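Summary of structural features
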Amino acid sequence: MMKVRSTRKLKTIVLVMKTELCAYSVDACRIAHRLGVDRVELCASPAEGGVTPSMATIERVAQIEGLGLSVMIRPRGGDFLYSDDEFETMLRDIAYAREAGATGVVFGILTADGRVDVERTRQLVAVSEGMETTFHRAVDMTEDYEAAVEAIIAVGCTRILTSGSYDKAIDGIANIRRAVEIARGRIEIMAGSGVVAANAAELAAVGVDALHFSAKCMVAGAMEYRNPRISMGGSAAVDEYALRTVDENEVREILNIIKH
């Protein structure tokens, strides 16, 4: 009898890492789309670390076809322990972001003892139904990082943005790797804070699902007359005639590293 040798075709699954630009203007979002970034995290007020942008800004960015739009839901700068009034604002801002065309929202809320506020986070996820939900770097401010990751998974968020409990993601890379291990595919892990072309490959290698970066650069504004006696921001250290934009070469380098 002739033996028939059985062969099986093996399927190769290629997972493409996603990219997200932290953007503070419509122009930055247009640059992100033109360069091939998958998604933006749209914020206002970079000096405060990002707060909720205006409705008009959200609407304009939502008109950029093919660009994922996650809107920051943060009523103020500072810590992540919010009053009842602030929490109500967050709930309403999520509704407004949906109405304006956002595909996702970004938030983070903690208890006074440095843990994830599970009940309130669950409410935020519930009112965000149909949109992606990112729990931001409030996770890095928790008392127990690993427990926080598990809590965020339990409430049903889409992803976690983390620097591994350090100021810069490259310094927290061991914790980010641990977050990936804890997640086991149950939630996306996105590394962010200080992500640049020089460390993108190293961060990607720990198995994260996405990289989050700002590629920030400052350019001189077009104002010719400048009043030296006044600082509208209250600090002479702030250059109010410098405008924040995106370093396109840095973005291209990051994309080239992780996409190819």
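Look above for the structure.
Overview of the structure.

What counts and how
Think of each chain on its own: its residues are numbered from 1, step by step along the sequence as written. With the structure being a predicted model, the display of local features is reserved for residues of pLDDT at least 70 and the display and counting of side-chain atom pairs for 80 or more, all residues being used for whole-chain, interface and lining totals. The basis for every side-chain value is the complete set of non-hydrogen atoms in the structure, without hydrogens or water. Strand pairing is assigned whenever DSSP identifies at least 2 bridges connecting the two strands. Secondary structure elements follow DSSP: runs of H or I no shorter than four residues count as helices, runs of E no shorter than two count as strands, and numbering proceeds from the N terminus. In this analysis, axes come from line fits to C-alpha atoms, helices being fitted only over the stretch in contact, and the angle between any two N-to-C directions falls in the range 0 to 180 degrees. Only heavy atoms enter the contact rule, under which two residues are in contact if any of them lie within 4.5 Å. For every residue, the accessible area (1.4 Å probe, protein chains only) is compared with the maximum for its type, and the residue is labelled buried under 20%, exposed over 50%, or partly exposed between those bounds. A 3.5 Å cut-off defines polar contacts: any pair of N or O atoms within that distance qualifies, except that in protein one atom must be a possible hydrogen donor and the other a possible acceptor, and neighbouring residues in sequence count only when both atoms are side-chain atoms. Just to be clear on terms, a salt bridge is a Lys or Arg side-chain nitrogen sitting within 4 Å of an Asp or Glu carboxyl oxygen. By definition, the crossover connecting two strands over a helix is right-handed if that path, from the first strand to the second, turns clockwise as seen with the strands pointing away from the viewer.

Some thoughts on the sheet that holds strand β2 (residues 39–42)
One closed barrel accounts for eight strands, arranged β1-β2-β3-β4-β5-β6-β7-β8; its pairing is parallel. Between one strand axis and the next, the sheet turns by 25° as a mean value, whatever way the strands run. Here β2 pairs with strand β3 (residues 68–72) via four bridges, running parallel. Within β3, the residue paired with L42 across the bridge is V71. Against the sheet, helix α6 (residues 173–183) contacts β6 (159–162) and β7 (188–192), and its axis sits at roughly 170° relative to β7.

Observations regarding the side chain of E20
Looking at the secondary structure, you find E20 in strand β1 (residues 18–23). Since its relative accessible area comes to 1%, E20 is described here as buried. Separated by 2.7 Å, the side chains of E20 and H212 make a polar contact.

Regarding the pattern of salt bridges
A full pass over the atoms with the stated rule returns 16 salt bridges. The shortest N-O distance in the salt bridge between D79 and R76 comes to 3.1 Å. Given a relative accessible area of 23%, R76 falls into the partly exposed group. Where R122 meets E119, a salt bridge forms, and the shortest distance between an N and an O atom there is 3.8 Å. On the criterion of helical spacing, the pair formed by R122 and E119 is a turn pair, its members being three residues apart in helix α4 (residues 118–127). Residue class for E119 comes out partly exposed when judged on its relative accessible area of 48%. The structure contains a network of salt bridges with shared partners spanning R34, E248 and R252.

Things to note about the pairing of strand β5 (residues 132–135)
In the sheet, strand β4 (residues 104–107) pairs with β5 via four bridges, with the strands oriented parallel. By the bridge assignment, V105 is partnered in β5 with T133. With respect to chirality, the unit in which β4 leads through α4 into the neighbouring parallel β5 is right-handed. As paired strands, β5 and β6 are joined by two bridges and run parallel to one another. Looking at the pairing, T134 lines up with R159 of β6. Crossover handedness for the path β5 to helix α5 (residues 145–155) to β6: right-handed.

Focus on helix α1 (residues 26–35)
Quick reminder: α-helices carry 3.6 residues per turn. Residues three or four places apart thus point the same way. Residues of α1 that are buried include every one of V26, A28, C29, I31, A32 and L35, and no others. With its phi angle positive at about 100°, G36 sits one or two positions after the end of α1.

Observations concerning unusual backbone geometry
Even without a glycine there, the phi angle at S165 is positive, about 70°. Looking at the element boundaries, S165 is found in the loop between β6 and α6. The backbone phi angle of R184 is positive, close to 45°, even though this residue is not glycine. Structurally, R184 is set in the loop between α6 and β7. A residue is classified by how much of its surface remains accessible, and R184, at 59% relative accessible area, is exposed.

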